[in-house]
Amino acid sequence: MKDLLRTADLSRGDVELLLNTAAHFAKNPLSSKDALANRTVGIYMTKPSTRTRLASETAVAHLGGTPIFLRGDDLQIGRGETIADTARVISQFCSALLIRTFAQSDVDELGAHASIPVINGLTDVDHPTQLLADWATIREVFGSDVTGRKFTYIGDGNNMAHAWLTMGAILGVHVVASTPLGKWAPAQEAIATARKIAEKTGAIVEVDHDPESAAKGSSVLYTDVWMSMGDPESERTEKLKALTPYQVNKHLMGLAENDAIFMHCLPAHRGEEVSADVIDGDRSYIWREAFHRRTTIQSILYHLVRGDLEGAAMSGDKGHF
Ligand code: CP
Ligand code: NVA
């Protein structure tokens, strides 16, 4: 496996390896401080970022390399240079490239034309690096045997909802996405991918539209912003109204398991997708989750550059999304 373009690219074995190494990097951040010595890693973003950028630059530094941050309009792509040519040029200089942008097809195209590993740092439809940080956190709290537990995302059926279902499917666990019906439900292709993976792993993949029944008995309640980067402002009023019943608050947390935790990829909007008492309360693991963005991106870089990942296609459990 050369690239991490989508969550569904990862096999179960890859996820286990990445999480184990991330746990190691949590305790020993500098244990592979020469892995990228004298090398550079490009970080190209056409959308804003706080965590992914800080985590990636720190991860590269901890591996002994130098990050090169490129903002969208820094590159000649904005003046018509093709993605393929850009990929070939970046490959002359960097040992890996993390990209955050809008269209998944742009990330796929970069991966196809770059000779170096390309990592998806968020697109409109997926956020694979976030999910590794989420599961690094979940495993610290609940351990690796999560039989009988339910992991529930509540809110917009966006990139995070897609990645949540797919990663749960890869790990063979019970995952739920509870979203409004229609326009703000997860994409059908994403659900189909997660279900296809689940057929092989034994995961339970549920898409639900009733936040109360979804929250009931859950070990994790996870949410994300209601307006994602790139969402049309013209839809704000209609969208926020549709999502109002999906706010994660004390009432929903009260329906979850007694030991349930709250998670959020951040940035958060208190009073919209989550109430302040929940996100700032003692069941909230958001800061540990943010911390693990570095440990997991460090792990991804370390293993992708070494060529250690087999990929879902090789192990036969790849979805098609
Ligand atoms: N969770 C996350 O991806 O945060 P940023 O948008 O700040 O990178
Ligand atoms: N769904 C959000 C996630 C931010 C990390 C967005 O795409 O803006």
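Residues numbered from 1 in each chain as written. Chains lettered and ligands numbered in written order. Predicted model: local features only at pLDDT ≥ 70, side-chain atom pairs only at ≥ 80, totals over all residues. Heavy atoms only, no water.

We now examine the packing of aromatic side chains. Applying the stated criterion across every chain, the model contains 4 aromatic pairs. Geometrically, the ring pair formed by Trp164 and Tyr222 is tilted, given 4.7 Å between the ring centres and 45° between the ring planes. Of this pair, Trp164 sits in helix H6 (residues 159-171) while Tyr222 sits in strand S8 (residues 220-223), and the two are 58 residues apart along the sequence. Among the aromatic residues, ring-to-ring pairing joins Tyr153, Trp164 and Tyr222 into one connected group. (Phe/Tyr/Trp six-rings, centres within 6.5 Å; stacked < 30°, edge-to-face > 60°. Helix = DSSP H or I, 4+ residues; strand = E, 2+ residues; numbered from the N terminus.)

Pairing within the open sheet is parallel, and its 4 strands lie in the order S2-S1-S3-S4. The open sheet is flanked by strand S2 (66-71) and strand S4 (118-120), the only strands paired with a single partner. This sheet shows a mean twist of 20° between the axes of neighbouring strands, independent of strand direction. Two strands pair when backbone bridges link them, and strand S1 (residues 40-45) and S2 are joined in this way by 6 bridges, in the parallel orientation. If you follow Met45 over to S2, its bridge partner there is Arg71. Here helix H4 (residues 104-113) sits on the sheet and contacts strand S3 (96-100) and S4; the angle it forms with S4, its principal contact strand, is near 165°. Against the sheet, helix H12 (residues 286-306) contacts S1, S3 and S4, and its axis sits at roughly 150° relative to S4. (Pairing = 2+ DSSP bridges. Axes fitted to C-alpha atoms, helices over the stretch in contact; angles between N-to-C directions. Contact = heavy atoms within 4.5 Å.)

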